[in-house]
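Below are the chains, spelled out letter by letter.
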4 protein chains.
Amino acid sequence: MPIPFTTLEPSLVADPDLAAEGEKRVAWARTHMPVLARLRAELERERPLDGRRIGMCLHVEAKTAVLVETLLAGGAEIAWTGSPATTDDGVAAAMTARDRLRIYALKADDTAAHQAHIGRVLASDPDMLLDNGADLIAGTIERPASRVLAATEETTSGRLRLTGELAGRVPFPVIVINDSPIKLSFESERGIGPATVDGFFRATNTFIAGKTFAVVGFGWCGRSLARTLRAMGAVVMVVEIDPVRALEAAYEGMLVTTIEKAAARADTIITVTGRPGIVRTEHFGLLKDGAMLGNMGHFSTEIDVAGLRAMATGSRMVNTHVEEFDLPGGRRVHLLARGEMLNLTAAIGHQIEVMDLGFALQAHSMRILAQDAASYTPGYQPVPEHVNRAIAEHGLRTMSTVDLD
Amino acid sequence: MPIPFTTLEPSLVADPDLAAEGEKRVAWARTHMPVLARLRAELERERPLDGRRIGMCLHVEAKTAVLVETLLAGGAEIAWTGSPATTDDGVAAAMTARDRLRIYALKADDTAAHQAHIGRVLASDPDMLLDNGADLIAGTIERPASRVLAATEETTSGRLRLTGELAGRVPFPVIVINDSPIKLSFESERGIGPATVDGFFRATNTFIAGKTFAVVGFGWCGRSLARTLRAMGAVVMVVEIDPVRALEAAYEGMLVTTIEKAAARADTIITVTGRPGIVRTEHFGLLKDGAMLGNMGHFSTEIDVAGLRAMATGSRMVNTHVEEFDLPGGRRVHLLARGEMLNLTAAIGHQIEVMDLGFALQAHSMRILAQDAASYTPGYQPVPEHVNRAIAEHGLRTMSTVDLD
Amino acid sequence: MPIPFTTLEPSLVADPDLAAEGEKRVAWARTHMPVLARLRAELERERPLDGRRIGMCLHVEAKTAVLVETLLAGGAEIAWTGSPATTDDGVAAAMTARDRLRIYALKADDTAAHQAHIGRVLASDPDMLLDNGADLIAGTIERPASRVLAATEETTSGRLRLTGELAGRVPFPVIVINDSPIKLSFESERGIGPATVDGFFRATNTFIAGKTFAVVGFGWCGRSLARTLRAMGAVVMVVEIDPVRALEAAYEGMLVTTIEKAAARADTIITVTGRPGIVRTEHFGLLKDGAMLGNMGHFSTEIDVAGLRAMATGSRMVNTHVEEFDLPGGRRVHLLARGEMLNLTAAIGHQIEVMDLGFALQAHSMRILAQDAASYTPGYQPVPEHVNRAIAEHGLRTMSTVDLD
Amino acid sequence: MPIPFTTLEPSLVADPDLAAEGEKRVAWARTHMPVLARLRAELERERPLDGRRIGMCLHVEAKTAVLVETLLAGGAEIAWTGSPATTDDGVAAAMTARDRLRIYALKADDTAAHQAHIGRVLASDPDMLLDNGADLIAGTIERPASRVLAATEETTSGRLRLTGELAGRVPFPVIVINDSPIKLSFESERGIGPATVDGFFRATNTFIAGKTFAVVGFGWCGRSLARTLRAMGAVVMVVEIDPVRALEAAYEGMLVTTIEKAAARADTIITVTGRPGIVRTEHFGLLKDGAMLGNMGHFSTEIDVAGLRAMATGSRMVNTHVEEFDLPGGRRVHLLARGEMLNLTAAIGHQIEVMDLGFALQAHSMRILAQDAASYTPGYQPVPEHVNRAIAEHGLRTMSTVDLD
């Protein structure tokens, strides 16, 4: 017998007065998430989540709020926390007005506060989890009497935990969203380029055409970026250690070279490898005066900012998202967005429609797990093929460039 | 014998305490205006503007400030005002610290205040003018004892006055910058597309790929926009009344159609015709639910906003730069940036390098007029061919993708 | 009183038995010239050329044959010759069956034979001319009793004669087709790139993506070529002496450089400048082993083939359209299509639709001249604006990507 | 003890006098296969194929001849046959002059003759096979005393036999080349588009820009084609039954629709699905007058040509590679290249460099199998990862747009 929802700890947000502004942002996001809207209509009819309680850890911002609304529409109760850095206090305030939802999230949370929120979510005694980085999952398997039947996990880093340290220890199925071809195809291969352009324009107000960009990494994300920059008139150098990918870059009209040569020639270098320490002390000295450094990889460690700071004889913010470093010998380097993801830090994340597809995978996976968790093997599961197909079919029906009737 | 510069009315700006922030923006712009930097080095050596006093009317913001610095470096004294709506009070504050410069500009100026600033500039008794819309020129020819020997004019609308109402009445040469092939090629044909994308992303956070855009107008600006949108993965419809241009659009893979059909099918419509009343009451009823309307033409009258407001049963801001209108029958229309230029209102104008070329035309034209105004016929003059060539050559020398040594 | 058409010298062609094959090629071209088809329908109704006799000099091949059919449908009598190198003997044979047409053209004609054909055309006593290079026009003004009332001229080189050596001496109006924005926009700026790709693939069967191409000249034709190659995945170097054009190339993502650097680095160099001696002895020694040289400029003298031959220690055909030259030091150079226009020599000229627009300008200009030659000033005339508009409007109506109803 | 090579049946080719022309084509191909050239240099040093006898079945044409030369350089003896339709009799003639090679191939071979050649190859008692469609492999396992230690198989259809009817029956490892990411990435995803353009231009001489193309199938090959056509200025409709792929197409700016709508609207339809009967009787009646039909899928059955012929009231060749069919009601349909692969039938196959990579996989796989066949499990094997990497690294070293030193 689960704890009554009404007895859960009340929502904790920064400032209830921000609700009106936050509501606007949720409404705007909702307008441009038609795939979730279609799912929502189905879930309202079917109510597959009636009686389910979801423990959820995912960025508290407008697009995620639309996912939460969708799950609520399917009947779920939800206890939600986010990641402090990305919490939109206005959205958090707005969401406190939703029935069957508790939210524990402040942008100003420190690590201890965030851990306490995780504890509040686990204390809600959920029977499903929607996780980010496997923190809730790891916390759950420590708890003696967990009711959890199934979970989804948003990230690749969560999947690495599931198949690594947590392998064999998770007694319920966990569908990992990020490996879906839909995430790769749309969020990575098609979404990263435009999102980076957005961040770059906001951070620098400088032109792309006629410039030399070095893109370090030619995986799903790197190729999106390289192609977008080239389409906008840049000369693009690609640095890539995998020879098959490097050859692909060359066959797409990129100049393929080493990181040392790219560092010495590019006007702007953007890392997108997924690995730490890609641009580091030995490269900083090669940069041209005025060179810009940015990152679109998931971790903010691709550019060794600490090393840059140690090497510099001085530094200052010269624009909201640009820090200038003086290097020995008189050259200056411009670091964009502190080396964090350019689109998240200098802009406001992926364009909405891109997240619509990804969150629809979440909502649909929740639905099928709620309907029949027992039919899935415990531990890591890829998104089932029929879910990918269903979401793609929904997506096609929402586009003005598609005519399938 | 001109009035001593020191006796001119002191600078008038909104808040001197904003200088430090404004100085940063000027410094950032300066870093990305290498063509002006090259000209500045030449002007510092030659000092062709020693003893010249320039009366100047041009937007007071960071990029223009770098132009002003360049003219000051050539020896000029300058009395400067701008246009109220575009004044950056921080930049204005920062510029008060420059020698030989008076600045009269506040963002909050009303029309009367602005006219008073124009009067202050004319009262400085300039012998050269750098004008915007021919206001200073028109004011000068009213004054009995003007010393003005030569002028430049930034805009096409100024040129229309020079060859219209002012034809035959201006006793000194006026070089009109905006007709230069450099302005057309770079600011219009290559600059408008990326600038619009910047404004669109900031205003809407929505995706371009997979959407249907209607671009109304396929002139220099319209083709820049249509090409950029298509390169980013949109299906682009073009509406254009000139059949040769329309045929060009079709041969570039655009769908060419009427404004009625475009209105009924596009997700987003952007006007860029240079004419008023392009999208109007008879079209609003055709729009799809959720359609977006934006403008990149010079005037904010391409979309009949008053007509839209009259027709709507309700409206509200749903995002910083998006107003939602309820239309009879239940459809909603999203107006971007109040129908004003999307890049100026939702973003911060053209990318810096684009203005670098245009302002270099200004500075170089000032230089040749100062050296030999008498060799130019009074009235409208195009930018001399050798000036275009010189600026283009400078531009080439600043680019990492050019190797001419 | 003109000579009766039936008394004109009978047609002279290489081999009447080739008619069936030639007829097929004319039929195929006709199928893809919808603009001429629309004009033809109008001309058949109006018969504006009834009683007119046109002396015509233009390449005898399938596309031109459709132009001839169109003029015949308007009522004209025609005496036609071509240029020997481009005569399609099958098409010539097929056209002998048309009423009111005499044709004098063999591919094997030498200069004397060709001059005799020109004489035959002039001897037909035409009252209108459709000329190519102004040969008929020049011949006409030598003749005492010419009836010619008006003419069209296809080429820029003909226009140069009209405004040069023939200036003031031509007593009838001559509309020059090649300066029309339609010719520049479609035949040059959009047609040259695909036509070159066609020729290049046929000549070499080698890949474009991942290769370095140098395009020498960034005028209307050069930019078409450079853009097409870049769109197909090449890295494109541009050599251009005009700095404004060079800057445009750089802003489109081309690498701008000198001819020496381009020669040393490019896999393939293609000239398209309109000037002779562009790639010459001093450059051949810089080329890489295996470098290809091609030309898309109008004249076959852009590459100094004689100089290459003089410098080479040996040469041989290594493919139908590739000659290999051994250079001192052991490097080999591959000359494509003898340095003649790659699309004409290695392929079969422009794609059909491109010529449809250009020939429609011809037919429509003939029609308005026949209707009212007296309203045009003698000597060089540009294509009237209303003709350009009319042809563009016709063109739009023929395209599946255009919906203007 | 194998049969001495000298006792094998002498080569059988159509006409020895064609050798000189064939030799030219082989030489031209060799010039543009630098990856094979690098491998050849290694094989000449190492001689890993000394004492090996390869039974080979692969198209006898110039590019394959360079592969054969490479294997010969590694020490192999080879008995080679091809597929009759694709045999280049000139190349066959030229290759008879090579040491340690027997060739049995005539373009005019019928099925019986071809089977006899297969028998000759098997009778050479090879110890390695290089197969195409698994015919040699299937023949070998019927033979009691086969010496075969290892094989490669070029095609996907061969792989289907290996994992289907032949599964568990092949006692030696077979590396299947076509599944390599290098084949997918370069031959399919990047090679198909340009190859189709080549075939289309040769077959039709018509324009791509401004036309509506329908691409049926958006797999590796289809996306290459759709992207290339769009880059050249077409409006591209995509028909694809897999919703994830269809959504990808929509996000790349394609119009996604049903085959019925595509049939009714496209100027040209090209199938590339890998499945038979894609465009069939029920669709022919929907086509526009003058619509073109072509195929780039591996099999010539994607367009139901028999059905088209049955439905037509008449037909005729209207161009070398275009057959016109009269449909009831008066419309005409133009079938390109008999519905066979457009690039092979109307042009001369893939551009050379594309095959260079694929054949390098063959040569390198042969080398590692010869060195250590025993270390591979019998039956189907993918190309080992290290082979893909090695070939990609070789490829990078041959490109002028790559600088890794």
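This next bit is on the overall build of chain A. Along chain A, the regular secondary structure elements total 17 helices and 16 strands. Here the C-alpha coordinates of chain A stretch approximately 70 × 50 × 45 Å along the principal axes. Relative to its full complement of 405 residues, chain A shows a buried share of 61%. Expressed as a percentage of contacts within chain A between residues at least 6 apart in sequence, the contacts between residues at least 24 apart total 69%.

So, on to the interface of chain D and chain A. A common way to state how big an interface is: give the accessible area lost once the parts meet. Contact residues are listed per partner, giving 28 residues for chain D and 28 residues for chain A. When contributions to the side of chain D that touches chain A are tallied by element, the ones reaching two or more residues are helix H8 (181-188), helix H11 (243-251), strand E9 (255-257), helix H17 (385-397) and strand E16 (402-403) of chain D. Broken down by element, the side of chain D that touches chain A gets its largest block of residues, seven residues, from H11 of chain D. Considering only residue class, the side of chain D that touches chain A consists of 16 nonpolar, six polar and six charged. Bridge analysis of strand E16 (residues 402-403) of chain A against E9 of chain D gives two bridges, and the strand direction is parallel. Each bridged residue has a counterpart across the sheet, and for aspartate 403 of chain A the counterpart in E9 of chain D is threonine 257 of chain D.

Right, let's get into the sheet that holds strand E10 (residues 268-271) of chain D. On the basis of which strands lie adjacent, the open sheet formed by nine strands has the order E16(A)-E9(D)-E8(D)-E7(D)-E10(D)-E11(D)-E14(D)-E13(D)-E12(D) and mixed pairing. The open sheet is flanked by E16 of chain A together with strand E12 (314-319) of chain D, the only strands paired with a single partner. In terms of strand pairing, E10 of chain D meets strand E11 (residues 291-295) of chain D through four bridges, oriented parallel. The residue of E11 of chain D that forms the bridge with threonine 268 of chain D is methionine 292 of chain D.

On to the sheet that holds strand E4 (residues 128-131) of chain A, then. Residues and elements named next belong to chain A. Spatial ordering of the open sheet is given by E3-E2-E1-E4-E5-E6-E15, a layout of seven strands whose pairing is parallel. Looking at the sheet topology across the chains shown, the edges are occupied by strand E3 (101-104) and strand E15 (379-382). When the angles between neighbouring strand axes are averaged without regard to direction, this sheet yields 20 degrees. Where strand E2 (residues 77-81) meets E3, four bridges bridge the pair, whose relative direction is parallel. In the strand pairing of E3, tryptophan 80 is matched with isoleucine 103.

Under the fitted operation, chain D is carried onto chain A by 0.0 Å of movement along the axis and a turn of 180 degrees, and the coordinates agree to an RMSD of 0.1 Å. Between the two chains, the operation in question is that of a two-fold axis. Proximity to the rotation axis, assessed at the C-alpha, singles out alanine 231 of chain D in chain D; its C-alpha lies 5.2 Å from the axis. Comparing interface residues between copies, 100% of those in chain D also sit at the interface in chain A, which points to an isologous, same-surface contact.

This paragraph deals with the relation of the copies chain D and chain C. Overlay of chain D on chain C (RMSD 0.1 Å): rotation 180 degrees, translation along the axis 0.0 Å. Taken as a fraction of all interface residues of chain D, those also at the interface in chain C reach 100%, which identifies the copy contact as same-surface.

On the chain C side, the residues contacting the 35 residues of chain D number 35 residues. Elements that contribute at least two residues to the side of chain D that touches chain C include exactly helix H1 (19-31), helix H9 (192-204), E12 and helix H16 (352-372) of chain D. Ranked by residue count, the leading element in the side of chain D that touches chain C is H9 of chain D, at five residues. Tallied by class, residues from the side of chain D that touches chain C come to 16 nonpolar, 11 polar and eight charged.

What counts, and where the lines are drawn
- Residues numbered from 1 in each chain as written.
- Chains lettered and ligands numbered in written order.
- Predicted model: local features only at pLDDT ≥ 70, side-chain atom pairs only at ≥ 80, totals over all residues.
- Helix = DSSP H or I, 4+ residues; strand = E, 2+ residues; numbered from the N terminus.
- Buried ≥ 20, exposed ≤ 12 C-beta atoms within 10 Å, placed from the backbone.
- Contact = placed C-beta atoms within 7 Å.
- Nonpolar A, V, L, I, M, F, W, Y, C, P; charged D, E, K, R; others polar.
- Pairing = 2+ DSSP bridges.
- Axes fitted to C-alpha atoms, helices over the stretch in contact; angles between N-to-C directions.
- Least-squares fit on C-alpha atoms with pLDDT ≥ 70 in both.

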